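Structural features, examined
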Amino acid sequence: MRMKAVRMSVGLLGVLAAVLLVRPTHSDTQAAPIPDETFMLMVKTDLEYLSKWLGDSKAKDAKKTLKALAAYLALAGQNQGSKLLRDEALKMADAIGKNDFKTAKEVADKLASAKLSTGEKLDALKWTGKAAPDLAEVMDPFRKAGPKGGLGMEKDIRDGKKSVKELNKIVLAAQRSALIAEITMNLEPDGGFGGKKSKADWEKHTKDMQQYALEVVELAKDAKKNEAKLKATLGKLDASCVGCHNVFRE
Ligand code: HEC
């Protein structure tokens with residue numbers, strides 16, 4: 001078993017070049033571990049966002065985004081083998097689901113100062129209580145950022161097709177997209193499958209989303225060298241979103 005402590009502080013993405021290559025899992029939507037530095041960038045960014053919003057009197061307005069972020073963190077903890085992150089993030093998602101933003105903030109703050117281990121062998125993730133996100137929640141952070149949450153991830157992906165200057169934003173959007181794919185794999189559209197809305201299509205778009213998202217994370221490790229391919233892959237990632245929306249989003 002590989003176990004190691006990860007510092008909460010995250011360096012700039014530049015350090016990623018020095019990190020071991022982690023193979024993306026192209027063929028399935030099971031665990032998709034990513035380099036620790038990339039993982040910690042997301043953990044730190046999302047815990048900061050959660051802590052800030054959960055302490056706001058208007059937290060409820062951003063509930064969908066907050067719940068989604070907690071759920072992504074739980075899944076990231078699972079994939080990365082971090083029991084503490086997984087279990088606490090599940091508690092946070094459940095508390096947000098119950099509008100108990102105070103408890104959720106306590107968990108976020110506790111996690112923000114915790115020392116996380118990765119590489120632990122974990123049992124399967126169980127979405128307890130109200131932790132499991134639904135489709136509207138899981139898609140919410142893609143929306144434009146504003147007073148009701150949203151992280152502008154769709155825009156970050158689309159901007160990335162033209163310029164990879166905002167590399168951290170691109171990597172965060174891609175990382176979260178890979179996690180989202182794991183969740184949508186087990187969800188279905190409103191009204192279920194049938195007719196033109198086939199399950200096979202849903203799964204194809206989901207797998208495409210995950211594959212291209214993981215490729216983006218991989219390519220971003222040397223964004224300078226990979227710039228053209230990175231932009232092209234962001235284009236493919238965007239096409240997987242549009243492909244699914246064309247059929248399944250009303
Ligand atoms: C497997 C199918 C599928 C994939 C892949 C997919 N989406 Fe969605 N998306 C949906 C469906 C269905 C909805 C409508 C959800 C609802 O509100 O019930 C949706 C909703 C959204 C919304 C609206 C959220 C809101 O609350 O207004 C945004 C924005 C969005 N998706 C962005 C993306 C982006 C960006 C990607 C790719 C990185 C993506 N989606 C990939 C199916 C998908």
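Conventions used here
Residues numbered from 1 in each chain as written. Predicted model: local features only at pLDDT ≥ 70, side-chain atom pairs only at ≥ 80, totals over all residues. Helix = DSSP H or I, 4+ residues; strand = E, 2+ residues; numbered from the N terminus. Buried ≥ 20, exposed ≤ 12 C-beta atoms within 10 Å, placed from the backbone. Contact = placed C-beta atoms within 7 Å. Axes fitted to C-alpha atoms, helices over the stretch in contact; angles between N-to-C directions. Parallel < 35°, antiparallel > 145°, perpendicular 65-115°, else oblique. Left-handed = near helix turned anticlockwise from the far one by under 90°. Core = buried A, V, L, I, M, F, W, Y, C linked by C-beta atoms within 7 Å. Domains from an automatic or database assignment. Arc of directions from axis to C-beta. Near = placed C-beta within 6 Å. Nonpolar A, V, L, I, M, F, W, Y, C, P; charged D, E, K, R; others polar. pLDDT = per-residue confidence, 0-100.

1. Overview of the overall build of the protein chain
Secondary structure assignment for the protein chain yields nine helices and two strands. Listing every helix and strand of the protein chain by position from the N terminus yields β-α-α-α-α-β-α-α-α-α-α. The buried share of the protein chain, reckoned over its 250 residues, is 44%. Put simply, of all contacts in the protein chain between residues at least 6 apart along the chain, 70% involve residues at least 24 apart.

2. A few points about unusual backbone geometry
One non-glycine residue, asparagine 99, lies in positive phi territory at about 60°. Tracing the chain through its elements places asparagine 99 in the loop between helix H3 (83-97) and helix H4 (101-112).

3. Here's the deal with the packing of helix H1 (residues 36-54) against helix H2 (residues 63-80)
Where H1 contacts H2, the axes come no closer than 10 Å and their chain directions differ by 150°. Put simply, H1 runs roughly antiparallel to H2. As H1 packs across H2, the resulting crossing turns out to be left-handed. Each of Phe39, Met42, Val43, Asp46, Tyr49, Leu50, Trp53 and Leu54 in H1 lies in contact with H2, whose residues at this interface are Leu66, Leu69, Ala70, Leu73, Ala76 and Gln80.

4. Some details on the nonpolar core
In terms of nonpolar packing, the biggest core is built from 66 residues, with Ala70, Ala213 and Val216 touching the most fellow members. Counting contributing residues, this core receives three or more from each of domain 1 (34-123) and domain 2 (152-250). If we skip the residues at most four places from it in the chain, valine 216 touches Ile170, Ala174, Leu230, Thr233, Leu234 and Leu237.

5. Side note on helix H6 (residues 153-162)
Among the residues of H6, Met153, Asp156, Ile157 and Gly160 are the ones counted as buried. Within H6, the buried residues cover an arc of 100° as seen down the axis, which keeps them to one side. Contacts from the buried residues of H6 go to helix H7 (167-184) and helix H9 (227-248).

6. A look at the environment of serine 177
With respect to the helices and strands, serine 177 occurs in helix H7. Between the C-alpha atoms of serine 177 and leucine 237, which are 60 residues apart in sequence, the distance is 9.0 Å.

7. What about the site of the ligand?
Around the ligand, the surrounding shell holds 23 residues, and the nearest of these are Met139, Phe142, Glu154, Cys241 and Cys244. At the level of secondary structure, the elements contributing two or more residues to the shell around the ligand comprise helix H5 (135-139), H6, H7, helix H8 (199-219) and H9. For the shell around the ligand, the leading source of residues is H9, giving six residues. Residues of the shell around the ligand, tallied by class, amount to twelve nonpolar, six polar and five charged.

8. Remarks on the packing of H2 against H3
Close contact between H2 and H3 brings their axes to 7 Å; oriented N to C, the two are set at 160°. The angle between H2 and H3 places the two elements in the roughly antiparallel class. As H2 runs across H3, the sense of the crossing is left-handed. On the side of H2, the interface is formed by Lys63, Leu66, Lys67, Ala70, Ala71, Leu73, Ala74, Gly77 and Gln78, while H3 contributes Leu85, Arg86, Ala89, Leu90, Met92, Ala93, Ile96 and Gly97. The residue makeup of the contact of H2 with H3, split by class, is eleven nonpolar, three polar and three charged.

9. Focus: the confidence of the model for the protein chain
Residues of the protein chain with pLDDT of at least 70 account for 87%, and the chain-wide mean is 89. Every residue in residues 7-29 scores below 50 in pLDDT, and together they form 37 contacts with partners more than four places removed in sequence or on other chains.

10. A closer look at the environment of threonine 103
Within the fold, threonine 103 resides in helix H4. Between the C-alpha atom of threonine 103 and that of lysine 91, which follows or precedes it by twelve residues, the distance is 8.8 Å.

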